[in-house]
Amino acid sequence: MNDADVSKQIQQMVRFIRQEAEEKANEISVAAEEEFNIEKLQLVEADKKKIRQEYERKAKQVEIRKKIEYSMQLNASRIKVLQAQDDVINNMKEVASKELLRVSHDHHVYRHLLKDLIVQSLLRLKEPSVLLRCRKDDVHLVEHVLDSAAQEYAEKANVHPPEIIIDNIHLPPALSHHNSHDPYCSGGVVLASRDGKIVCENTLDARLDVVFRKKLPEIRKQLFGQVSV
């Protein structure tokens, strides 16, 4: 084999090696590009997932804030409604308290009422000797009915008439423009056992408080109906 044939074979071998190398390089390049595209797609999808999660988190926070704000507004509205209802009821009670002052103006009616209140208090206390406290202006009316009240109690309780001592300390006077900020009493009596351990407060104001507390659900229903607040 001469030099020309050797050179020809070498060139063929070089071309073959070069072609193999180019094909291998192409395969590597295609594989690398595919791997890059896959990795890029994975990164994009991961970023999309993060963005979706962040959006969902922020949307959830916005929704929670909206619910909190709505709840706060609803509670504020409920408080306003309840406060308005309480104002109406308190005004009613204030009017009723002022009406109580008229009760003692009719001495004939009020004297009989005092007697009934004394008898009722005696029946609650069931004590042989009691201390009675009333307004200074009512002392003469109480003295007028004291014996008959004690006798009526004795007949109802089947006991001896009790000893009733009118206290030198009096209940506050009726409400007026001069003592609008001072303690006041619209009338009635307070009875206590001699040792002071048992007390029966039977003033008109105390009776009004009891009636108001007892009738409050009915009053609310009459005034406001079945309003849901």
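Keep in mind that what you see is a predicted model, and the values were worked out from it rather than measured. (Residues numbered from 1 in each chain as written. Predicted model: local features only at pLDDT ≥ 70, side-chain atom pairs only at ≥ 80, totals over all residues. Heavy atoms only, no water.)

**Student:** I tried to follow the overall build of the protein on my own but got confused; where do I start?
**Tutor:** Along the protein, the regular secondary structure elements total four helices and four strands. Ordered by position in the sequence, the α and β elements of the protein form the string α-α-β-α-β-β-β-α. In terms of overall size, the protein is more extended than a compact globule, its C-alpha atoms giving a radius of gyration of 49 Å where 229 residues would be expected to give roughly 17 Å. With respect to the three principal axes, the spread of C-alpha positions in the protein is 165 × 35 × 30 Å. Residue burial in the protein is summarised as follows: out of 229 residues, 23% are buried. (Helix = DSSP H or I, 4+ residues; strand = E, 2+ residues; numbered from the N terminus. Rg over C-alpha atoms; globule rule 2.2 N^0.38 Å. Buried < 20%, exposed > 50% of the residue type's maximum accessible area, 1.4 Å probe, protein only.)

**Student:** Explanation requested: the nonpolar core in the structure shown.
**Tutor:** Note on soluble globular proteins: their nonpolar side chains tend to be buried together. Grouped together as the largest cluster of nonpolar side chains are 29 residues, with contacts concentrated most on Ile118, Leu122, Leu132, Val142, Ile164, Val189 and Leu191. At the level of elements, helix H1 (3-103), helix H2 (107-125), strand S1 (129-133), helix H3 (139-157), strand S3 (188-193) and helix H4 (204-224) are the ones that each hand at least two residues to this core. In this structure, Ile118 is in contact with Leu132, Val142, Val145, Leu146, Ala149, Ile164, Val189 and Leu191, ignoring residues within four places of it in sequence. (Core = buried A, V, L, I, M, F, W, Y, C linked by side-chain atoms within 4.5 Å. Contact = heavy atoms within 4.5 Å.)

**Student:** Hey, could you run me through the packing of H1 against H4 in this one?
**Tutor:** In a packed pair of helices, the relevant descriptors are the angle between the two axes and the axis-to-axis distance. Axis separation between H1 and H4 bottoms out at 11 Å; the angle between their running directions is 140 degrees. As far as their axial angle goes, H4 and H1 are oblique. For the element pair H1 and H4, the recorded crossing hand is right-handed. For the pair formed by H1 and H4, the contact residues are Gln85, Asp86, Val88, Ile89, Met92, Lys93, Ala96, Ser97, Leu100 and Val103 on the first element and Leu204, Asp205, Leu208, Asp209, Phe212, Leu216, Ile219, Arg220, Leu223 and Phe224 on the second. Tallied by class, residues from the contact of H1 with H4 come to 13 nonpolar, two polar and five charged. (Axes fitted to C-alpha atoms, helices over the stretch in contact; angles between N-to-C directions. Parallel < 35°, antiparallel > 145°, perpendicular 65-115°, else oblique. Left-handed = near helix turned anticlockwise from the far one by under 90°. Nonpolar A, V, L, I, M, F, W, Y, C, P; charged D, E, K, R; others polar.)

**Student:** How should the packing of aromatic side chains be read in this particular structure?
**Tutor:** To describe a pair of aromatic rings, one takes the distance between the centres and the angle between the planes. Under the definition given, this model contains zero aromatic pairs. In this structure, Lys93 packs its charged tip against the face of Phe212, placed 5.9 Å from the ring centre. (Phe/Tyr/Trp six-rings, centres within 6.5 Å; stacked < 30°, edge-to-face > 60°. Lys NZ or Arg CZ within 6 Å of the ring centre and 35° of its normal.)

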